[in-house]
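Notes for the structure review
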Amino acid sequence: MGWVISNRCLRNALSRKKKEQEGTVVKLERIMNNEEPETGKRPMIVLSGPTAVGKTKLSIALAKAVNGEIVSADSMQVYRHMDIGSAKITQEEMQGILHHMIDILEPWEEFSVAVFKEMCEQCLPGIYERGHIPIVTGGTGFYVQALLRDIDFSGRTGGDTDGDTRHFGIGTDDAGRDTRHLGIEADDTGRDTGFPGSMRRQAGVCKTGQDIRAVLEKAASDKGAAYLHEQLRQVDPLSAELIHANNIKRTVRALEYFYLTGEPISSHNKRERDKPSAYHSCYFVLNDIREHIYERIGLRVEKMLEQGLVAEVEALRAMGCHRGMVSMQGLGYKEILSCLEGEITLEEAVELIKRDTRHFAKRQLTWFRREQEVVWINKNEFDGDEDRILEFMLAELDRRGIAAPLGRM
C-alpha cells in the first residue's frame, strides 16, 4: 500500500526542516564566531588519554570535522631535536591541521605547567580569531587541568633565589616526569611550620622553598627514603598513598608544599580539580583494554629503536644535553642515556622503557578518573571502529552546543 501525503503535511514537514537547517546554520555561525551566550565562555575541546592509546590520529579526524586547531598538551613534544623518543607528530601526520606547542623550545630550556599555560593563552586568541576551535590534545593531565580550570600561577614570587616556579600537584607528565609547578612564598615569620624531629628545629631558619627543600633532601640522604615517606604519611596520608615510598623527589615536593603553606597538597589538588571549567568545554578521555594499551606501548618502543632512538640520544649528548636537564628525564631518554654511559645494557634499557611506560599509562588513568565531567570513550565498546568513535564525539559536541560537523548544514 502506498502512502498519501497531504499538501498541508508536506508544507509542515518542509517548514520544520527549514527551521532545523536555519537553527543549525545559526548554531554553526555562533560557534565559528566563538559566541556562547548560554555560558559566556569560549568553546574548547579536550582529547586526552593514556600514552599510545591513539589520540593523535583521532585528533586529526576531529579537527577536520569541526574546523579545529590542535593545541598539544604533551610536555616532551615542545622540545626540538627530540622527535623519536617523544613520538612527535610529523608534518605528514598533521594533514594540514595547524598545531601549536610543538618544537618551541631547545632541550636545555626549562618548561613547566605555568609556562605551558602562559604560552597557550598566547596562541588561543589567534585560533578564535580564525573562527576555529582549539582541541587540546595530549596525556599530560595536569597541563590540561591548568588550562581548563584556569589555575592561577600569578601568586608565584621571587622568594626563591633559584627562580623556582614549580607547582606541587601530585602527578607526572607525558614524559613520566615531575610536573608540579606553583611558586609559593615561604613563611618569613619564623613560626613553627611542623617539621618533624630535627627538621622542625630547622624550620625557623628556612626562609624559602629552596631552604626547606635542602633540609628535606638532606633528611632523605641521611635517613633514607622510607623515613621521609613516613613524615609525609603523618601530615598528608592521601598523598603518601599516591606517591611511591622510593620516589624521593615527589615526597620532597609534597612535604615542601605542606611546610610552606600548612596545607596538605592533596587538599590543594582536590580544590583545583573542583574548579569549574573556564571554557565551554567537553573533556574526552580515550581509553582501551589494558592489554591492548600495553601491547601498543611495546610496539611503539620497538618502532622508536628502529627509527633511531639511540642515535637521537647520542646527538643530544653531543649537543651538551645531560640527565640533569628536565628534558632528558623523559621516558626513553633517561634510559638510553644510562645505556650510553655504560650503566645498563641496551636490552635492559629497552625493558625499562617498556615497563616504566606501562606504569606511567596506569598513573595517567588514575589522574583522569579523578577529573570532573569527563566523557570516557572506551574503544572496545565501539569495537575499535574509529568512524563510530568520531560520530559519538561529534554528537556529544553538538548536543552541548560546542561544535557541529562542518558538512551538516
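Residues numbered from 1 in each chain as written. Predicted model: local features only at pLDDT ≥ 70, side-chain atom pairs only at ≥ 80, totals over all residues. Heavy atoms only, no water.

This next bit is on the overall build of the protein chain. Scanning the protein chain for helices and strands turns up 16 helices and six strands. Counting the 409 residues in the protein chain, one finds 51% classified as buried. Contacts in the protein chain between residues far apart in sequence, at least 24 positions, make up 73% of those at least 6 positions apart. Accessible surface, the protein chain as shown: approximately 19,300 Å² in total, 50% of it carbon and sulfur. (Helix = DSSP H or I, 4+ residues; strand = E, 2+ residues; numbered from the N terminus. Buried < 20%, exposed > 50% of the residue type's maximum accessible area, 1.4 Å probe, protein only. Contact = heavy atoms within 4.5 Å. Areas by Shrake-Rupley, 256 points an atom, 1.4 Å probe, with all protein chains shown as cover.)

A few words now on the confidence of the model for the protein chain. Here the protein chain shows a mean pLDDT of 82. Residues at 70 or above account for 76%. Here residues 155-174 is a poorly scored stretch, pLDDT under 50, and it has 81 contacts once near neighbours within four places are set aside; other chains count. In this model, residues 177-195 is a region of pLDDT below 50 whose contacts with residues beyond four sequence positions or in other chains number 79 contacts. (pLDDT = per-residue confidence, 0-100.)

What follows is about the side chain of histidine 99. With respect to the helices, strands and loops of the structure, histidine 99 is situated in strand E3 (residues 99-100). Setting aside its immediate chain neighbours within four residues, histidine 99 contacts Ile60, Ile70, Ile89 and Met94.

Let us now look at the sheet that holds strand E5 (residues 280-287). With respect to topology, six strands assemble into an open sheet ordered E3-E2-E4-E1-E5-E6, the strand pairing being parallel. Here the strands that pair on one side only, and so sit at the sheet edges, are E3 and strand E6 (374-378). In this structure, E5 lies alongside E6, joined through five bridges in parallel fashion. Of the residues in E6, the one forming a bridge with phenylalanine 284 is valine 375. (Pairing = 2+ DSSP bridges.)

What follows concerns the pairing of strand E4 (residues 133-137). Of all five residues making up E4, five are buried, and the element is well covered by its neighbours. Where strand E1 (residues 43-48) and E4 come together, three bridges link them in parallel fashion. Looking across to E4, one finds that isoleucine 45 is bridged to isoleucine 135. As defined by bridge partners, strand E2 (residues 68-72) adjoins E4 across five bridges and the pair is classed as parallel. The residue of E4 that forms the bridge with valine 71 is valine 136.

Applying the stated criterion to the full structure yields 21 salt bridges. Its salt-bridge partner being glutamate 106, residue arginine 80 comes within 2.9 Å of it at the nearest N-O pair. In this pair, arginine 80 is assigned in the loop between E2 and helix H3 (91-94) and glutamate 106 in the loop between E3 and helix H4 (113-129), connecting sequence segments 26 residues apart. A relative accessible area of 29% places arginine 80 in the partly exposed class. Across the pair aspartate 83 and lysine 88 runs a salt bridge, and its minimum N-O distance is 2.7 Å. The exposure class assigned to aspartate 83 is partly exposed, which follows from its relative accessible area of 37%. (Salt bridge = Lys/Arg side-chain N within 4 Å of Asp/Glu carboxyl O.)

A few words now on the side chain of aspartate 288. With respect to the secondary-structure elements, aspartate 288 resides in the loop between E5 and helix H12 (290-307). Residue aspartate 288 is classed as buried on the basis of its relative accessible area, which comes to 10%. Engagement of the side chain of aspartate 288 in a polar contact is seen with the side chain of arginine 296, the distance being 3.0 Å. Excluding residues that lie within four positions of it along the chain, aspartate 288 makes contacts with Val53, Ile293, Arg296, Lys379 and Asn380. (Polar contact = N/O pair within 3.5 Å; in protein donor to acceptor, adjacent residues only side chain to side chain.)

The next thing to look at is helix H16 (residues 386-399). Taking 1.5 Å per residue as the helical rise, H16 with its 14 residues ought to reach 20 Å, and the 20 Å between its terminal C-alpha atoms agrees with that figure. Those residues of H16 that fall on the buried side of the exposure criterion are Ile389, Leu390, Met393, Leu394, Glu396, Leu397 and Asp398. With a side-chain oxygen positioned 3.0 Å from the backbone nitrogen of aspartate 387, the residue opening H16 is aspartate 385. Directly beyond the C-terminal end of H16, a positive phi value near 75° is found at glycine 401. (Expected span 1.5 Å × (residues − 1).)

On to unusual backbone geometry. Although it is not a glycine, methionine 101 adopts a positive phi angle of roughly 70°. Mapped onto the secondary structure, methionine 101 falls in the loop between E3 and H4. Take methionine 101: its relative accessible area is 6%, and that puts it in the buried class. Of note, the phi angle at aspartate 383 is positive, near 55°, even though the residue is not glycine. Within the secondary structure layout, aspartate 383 lies in the loop between E6 and H16. On the basis of relative accessible area, aspartate 383 is assigned to the exposed category, the value being 67%.

With that settled, consider the nonpolar core. With 82 residues, the main nonpolar core has Ile45, Leu62, Val66, Phe284 and Leu397 as its most contacted residues. Per-element tally for this core: the top contributor is H4, with seven residues. Filtering out sequence-adjacent residues up to four positions away, leucine 397 remains in contact with Ile45, Leu62, Val66, Cys282, Phe284, Ile402 and Ala403. Formed by 16 residues, the second largest nonpolar core is a distinct cluster that contains Ile212, Ala240, Ile243 and Val252. (Core = buried A, V, L, I, M, F, W, Y, C linked by side-chain atoms within 4.5 Å.)

This paragraph deals with the packing of helix H2 (residues 55-66) against H16. Following both chains from N to C, one finds H2 and H16 inclined at 50°, their axes separated by 11 Å at the closest point. Viewed along their axes, H2 and H16 adopt a mutual orientation that is oblique. Like other packed secondary-structure pairs, H2 and H16 cross with a definite hand, here right-handed. For the pair H2 and H16, contact is made by Lys57, Leu58, Ala61, Leu62, Ala65 and Val66 and by Glu386, Ile389, Leu390, Met393, Leu394 and Leu397, respectively. (Axes fitted to C-alpha atoms, helices over the stretch in contact; angles between N-to-C directions. Parallel < 35°, antiparallel > 145°, perpendicular 65-115°, else oblique. Left-handed = near helix turned anticlockwise from the far one by under 90°.)

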